[in-house]
Structures are given as C-alpha cells and as structure tokens.
Amino acid sequence: MKVEFSAFPKAFSGNVAVFVAAEKQLLATAKTLDEGTGGNVERAIAASRFTGAKGQTLAVLGQGDLGRLLLLGVGKSRELDARAAESLGGLVVADANAAGQKAVTIVVDAVKGTKLSPAQVAAHVALGAQLRGYRFDKYKTKEKPEQKPSLEQVTVVVSTVADAKRAYARLEPTVDAVFFARDVVSEPANVLYPVEFARRAKELSELGVKVEILGEAEMKKLGMGALLGVGQGSDRESQLLVMQWMNGPKSQAPIALIGKGVCFDTGGISLKPAAGMEDMKWDMGGAGAVTGAMKLLAGRKARVNVVAVCALVENMPDGKAQRPGDVVKTMSGQTVEVINTDAEGRLILCDAMWYAQENFKPQAMVELSTLTGAIIVSLGHERAGLFSNNTPLSNKLRAAGAEIGEKLWRMPLGPKYDKLIDSDIADIKNVSNGRDGGSITAAQFLQRFVQEGVAWAHLDIAGVAWSTKGNDTTPKGATAFGVRLLDKWIADSFER
Ligand code: BES
Ligand code: MN
Ligand code: ZN
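All values reported here derive from a predicted model rather than from experimental measurement. (Residues numbered from 1 in each chain as written. Chains lettered and ligands numbered in written order. Predicted model: local features only at pLDDT ≥ 70, side-chain atom pairs only at ≥ 80, totals over all residues. Heavy atoms only, no water.)

1. Considerations on the sheet that holds strand β18 (residues 455-460)
Working definition: the strands of a sheet are paired by backbone hydrogen bonds and lie parallel or antiparallel to each other. The line we're drawing: In this scheme, strands are said to pair when DSSP sees at least two bridges between them. Numbering goes from the N terminus for both helices and strands, where a helix is a DSSP run of H or I of at least four residues and a strand is a run of E of at least two. Here the axes come from fitting lines to C-alpha atoms, over the contacting stretch only for helices, and the angles between their N-to-C directions go from 0 to 180 degrees. Residue contacts follow a heavy-atom distance rule, with two residues in contact if any of their heavy atoms lie within 4.5 Å.
Here eight strands make up an open sheet; going across it, the order is β8-β9-β11-β10-β14-β18-β15-β16 and the pairing mixed. A strand with exactly one partner marks an edge of an open sheet, and here the two such strands are β8 (210-214) and β16 (408-410). The mean inter-strand angle of the sheet, taken between neighbouring strand axes irrespective of direction, is 20°. Across five bridges, strand β10 (residues 255-265) lies against strand β14 (residues 364-369) in parallel orientation. Considered in β14, the bridge of G259 is made with L368. The sheet contacts of helix α11 (residues 345-360) involve β8, β9 (239-246), β10, β11 (305-315), β14 and β18, and relative to β10 the element is tilted by about 150°.

2. Let's talk about the state of the cysteines
Applicable threshold: Cysteine sulfur atoms that pair up within 2.5 Å are treated as a disulfide. Here's how the labels work: a residue is buried when its accessible area is under 20% of the maximum for its type, exposed when over 50%, partly exposed in between, all with a 1.4 Å probe on protein chains only.
Under the criterion given, the structure shown has zero disulfides. Here C263 is not disulfide-linked; the sulfur of C310 is the nearest cysteine sulfur, at 10 Å. Here C263 falls in the buried class, since its relative accessible area comes to 2%.

3. Quick notes on the site of ligand 1
We apply this condition: One heavy atom within 4 Å of a molecule or strand is enough for the residue carrying it to be called near that molecule or strand. In protein, a polar contact means a hydrogen-donor-capable atom and an acceptor-capable atom, both N or O and within 3.5 Å, with residues adjacent in sequence counting only if both atoms are side-chain atoms; elsewhere, any N or O pair within 3.5 Å suffices. Here the Shrake-Rupley method, with its probe set to 1.4 Å, supplies the accessible areas, and only the displayed protein chains count as covering residues.
Neighbouring ligand 1 are 17 residues; K272, D283, D342, E344 and G373 lie closest to it. Contact between ligand 1 and K272: an oxygen atom at 2.8 Å from a side-chain N or O atom of the residue. A distance of 2.8 Å separates an oxygen atom of ligand 1 from a polar side-chain atom of D342. Across the complex, the protein chains shield 77% of the 520 Å² of accessible surface that ligand 1 would expose by itself.

4. Here's the deal with the nonpolar core
Inclusion rule: Among buried residues, those of type Ala, Val, Leu, Ile, Met, Phe, Trp, Tyr and Cys that are joined through side-chain atoms within 4.5 Å constitute a nonpolar core. Throughout, the edges of the domains are those of an automatic or database domain assignment.
The biggest cluster of nonpolar side chains holds 103 residues, and the ones touching the most others in it are F19, V156, M243, L257, M294, V366 and W489. In terms of residue count, helix α4 (residues 118-132) provides more of this core than any other element does, nine residues in total. Lining this core are residues from two domains, each supplying at least three of them: domain 1 (2-159) and domain 2 (174-494). Contacts of M243, omitting those with residues within four sequence positions, involve A201, L204, V209, K210, V211, T291, M294, V306, V307, A308 and C310. The next biggest cluster of nonpolar side chains, apart from the first, holds 41 residues, and it includes V262, I421, A442 and F445.

5. Topic: the coordination of the zinc ion (ligand 3)
Rule in force here: Sites may look incomplete, because water is not among the atoms used; the donor set itself consists of N, O and S atoms within 2.8 Å of the metal (3.2 Å for Na, K and Ca).
Only K260 (NZ), D265 (OD), D283 (OD) and E344 (OE) from the protein coordinate the zinc ion (ligand 3), and they sit 2.0 to 2.4 Å from it. Note on D283: relative accessible area 2%, which makes it buried.

6. Some remarks on the coordination of the manganese ion (ligand 2)
Taken together, D265 (OD), D342 (O), D342 (OD) and E344 (OE) make up the full set of protein donors to the manganese ion (ligand 2), lying 2.1 to 2.2 Å away. Positions of the donor residues of the manganese ion (ligand 2), expressed as sequence spacing, correspond to D-x76-D-x1-E.

7. Structural notes on the pattern of salt bridges
Note the cut-off: What makes a salt bridge here is a side-chain nitrogen of Lys or Arg within 4 Å of a carboxyl oxygen of Asp or Glu, nothing more.
Going through the model one piece at a time under the given rule, you end up with 23 salt bridges. The salt bridge partner of R135 is D137, with a shortest N-O separation of 2.8 Å. What makes R135 partly exposed here is its relative accessible area of 32%. A relative accessible area of 28% means that D137 is categorised as partly exposed. Between D492 and K488 there is a salt bridge; the shortest N-O distance is 3.3 Å. Taken together, the positions of D492 and K488, both in helix α16 (residues 483-494) and four residues apart, correspond to about one turn of that helix. Under the relative-accessibility criterion, D492 is labelled partly exposed at 29%. K488 sits in the partly exposed class, given a relative accessible area of 21%.

8. Regarding the domain arrangement of the protein chain
The test is simple: Here the buried area means the combined drop in accessible surface, using a 1.4 Å probe, for two parts upon being joined, counting both sides.
Each assigned domain of the protein chain is listed here: domain 1 (2-159) and domain 2 (174-494). Using C-alpha coordinates to define each centre, domain 1 is positioned 38 Å away from domain 2. A per-residue breakdown of the area domain 1 buries against domain 2 is headed by R83, L131 and Y134, which together make up 45% of the total. Linking domain 1 with domain 2 are two salt bridges.

Structure follows, in structure tokens:
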C-alpha cells in the first residue's frame, strides 16, 4: 500500500474521505461536495445517526466522477490530536478495504482550534493509514483476490504538502519498526526460534546499529547459568542478542533496553495445559518491541546512546530439560532454586540485565516482558504493568505511554513481597509459595538483579502484546506494544 501527499485538486474524483466536525459541521471540502451534489451529504447525515463525533463514519454515494464519499467525524477541535489523526487514517483504510476500493483520497481540511497544523494532521493520518494496513498473511496460500485487502493507494490531500512530507519523514521510520516487531511476534515458533530471531535483528546493522550475537558457549563462559538452564531442554540454541546505537554525546551514559525473547514457552517440565498453549509463540513480545524500538531509533537517527539486550530461548520439556528443584547460578553470582520451570522469563532476564549493567553501565534500564498471566488478571488488556525503583522514571514512562496510546499502570514493590521469594537452600527461588501477587513477586525477582544507582523499570506486557480485537491503527494480532512508547520516552527524556 502506497501513501502519498498531494495539494488540493481543481475537482475531486474517485473515493474521497472528508472531515466533518462535531455537531454536523461540514468542513470546507465536505461543504463543497455537498453543494456539488445538490445537498446529498446533508441529506445523508439527516437520515442517519452520524453527528461528526470523533471516530464516527458515514458512507455516502457520490455523483459524477466521485465514487464513495466517506464522512469522517473529527469531533470537537481540541480532540483532534496526533492519536486521533492516526485513528482517522486507520478508519479510512479499514473502510476502503471492506468496500473493495483500490484507491482513496483523504482530504485534510484545516480544523480551527486544534493544536496540530494541517501538515501535522496529514502526517499522522498517513501514519495511521500505514499502521492499519499491516497484515500477516504470508502463510495464506488459498485466498481469492476478493478476500485480500484491495487498497493499493492512499492520497492525503493537504494545502501544505512540503510541510506534511517533512513531518511524515520524522514519523515514517515508525512503520518499518512496528512492522518488524509485529512480524517477529506473529511468526510461529517452528519458523522463528532464537537463531532466526537473531538473524532478523542482524538486519539492523544496515541502519548503523552494532549487532552482536552470543551463543551458548560464550554465555557459559560468562556464567549465565539461569538463562542457559531455561534453554537446556531445547534443540534450538539459545542466543543473547546485543544491539548498540551510540549516536549521542560521548559523555552520555547509555540507556539499556532489555527484552524477554522466549520464542516458545511450553512451561518446560512444569508443562502448561494444552488449551491456548499456541499463544506462547508470542512470548517474545518484549524482545520484539525492544528490537523494533532500536530499529526506530536508528531509522530516525536519534541523538542518543542506547543499548539493547534480548535473551532468546525456547522453553521445552525434554530428557535434558531442567527440573523443578534444580539450583542454577546466575551471572551475578546469586543462586536460584527453580521451583517452577514455567517461571522462565525472570530466569533469562536476570542474566540479560546483569550482562547489560556489567558491560554498559547504563543510567537507566527498562525491561519489557510477557512475564505473568497474573498481570492480565490485574489489568486486563488495557494497560501494561509498570514496576520501578524510581518515581521520576516511572512518571516519564507513564507520560510517554499516555501520549502515544500505550498505557501503563504503576504497581507496587516492597520488602514484604521480596521476602516471599527467599529460598531455603539457595539465595532466591523463582516463584513464591502461592499465586497471590504473582506479577509483583516476579518483579521482585528481577529487582534483585538491579545494581546500585541504576534507575530501573520493568513493563509486564503479557496482556497487551497481542490483541484479539485490534483497534483503529492496529489490526488484531501482534500489537508491537512498547516500540513507540520506548521511542517517545527516549525522545522526550534524553534528546532535548
Ligand atoms: N509467558 C508466561 C506468561 C504469560 C501467560 C504471558 C499468559 C501471556 C499470557 C510466563 O512465562 C509464565 O508462564 N508465567 C507463569 C508464572 C507462574 C509459573 C508463577 C504464569 O503466569 O502462570
Ligand atoms: Mn512460562
Ligand atoms: Zn513465558
């Protein structure tokens, strides 16, 4: 699908989407088209429930050279922000595909009283259109043409084309980055295993990212017993993916991003039940988001120093698999009693976190993982859980998430929770006795591997990495939650 910007034509033709503001206020183009069709637009609105409220749409048949007219509700002027503009772009794409259109023109009329210029609205409309156009269909071999998305061309009409193109140039790297993350998360585990994930991440070196991949022999030398223990039942070799984007001031200590990359989580010997186990192909959503964020930072040449470490493993039951009760030694030197082999995320993350801190001395470390089912019980699919030892960092992450539409909710930590993971025979056990506070005890485990002075946050994205419903700019499936949040947080906190 191609997205282009264009100036206002003398006359419109084909399928056109136009803005209508709250309380049925036709904006300039809608008004012109209404007059040109002898009041068709007004009549159609009068015969419907469409009011121009934010996100409403109404299709009207055009006349002459016009195809289908889609009225787009932009709501009250102050509601038209970047996210709302993206939603409009997404709505048009979904509607055009449902209607079997090949091309559509979206007209961005100036809306009085908005914070955004028409050029900025146009750029975000274009981004939303692209993001909604994603489809993971590489394994569908029998689709008939009429079952495939029809839309090939989106033209965004705006008075200030050059400004819109400039604004879009800053946003466009988002598309590839989000698609990268959605692709790796959507791939089945027979195709995407640790070595294959690492191979795909290697592509980031074309953008100037330094990509290093450590295999099991190197990790063994480093003493990563917890990570290796998880991968030990799999025929697929575990990998540590290390990416560096050091484009900031020399004096700036880097930011570290850490990702959980369990390419498939059977639970190991503590085997999961069969129902829904296929979902565990997306247990690498954290690593996908972190790698996508690196792609976005490099794609827009962010002036910042960022390193990313992703722990890539497959958690399988096997004659060689680790057993409940095994004790492993982490890279930090602390020992862990593995009570439940299904609590594997924390075991791989603790070694990845330690590696990042030892090697890069980061000022801040943010880790993303589909860590616990319990966070879904707490927060559902609306927000990711945020755990942190640092309130300013939490607030900045929360603000970035709210702004970009990837919402976080801060959860508690504390010594009483921490005590629950003391082991009788080792330093720590990987789960507490009951299931109570399962997301918190998981975060407490991770916090034991945070070094003095490092501002740390853990985002439990188990409820948001995958969506069975989708939204205006995200088709159902992998969401790439975290890619834009991390980018926004870094842009706002470290690049100004
Ligand atoms: N990957 C799962 C968490 C998960 C569950 C993500 C459902 C997405 C949807 C994680 O490795 C896991 O198995 N966690 C266990 C922890 C338990 C054994 C303490 C869980 O949540 O049940
Ligand atoms: Mn698990
Ligand atoms: Zn898992």
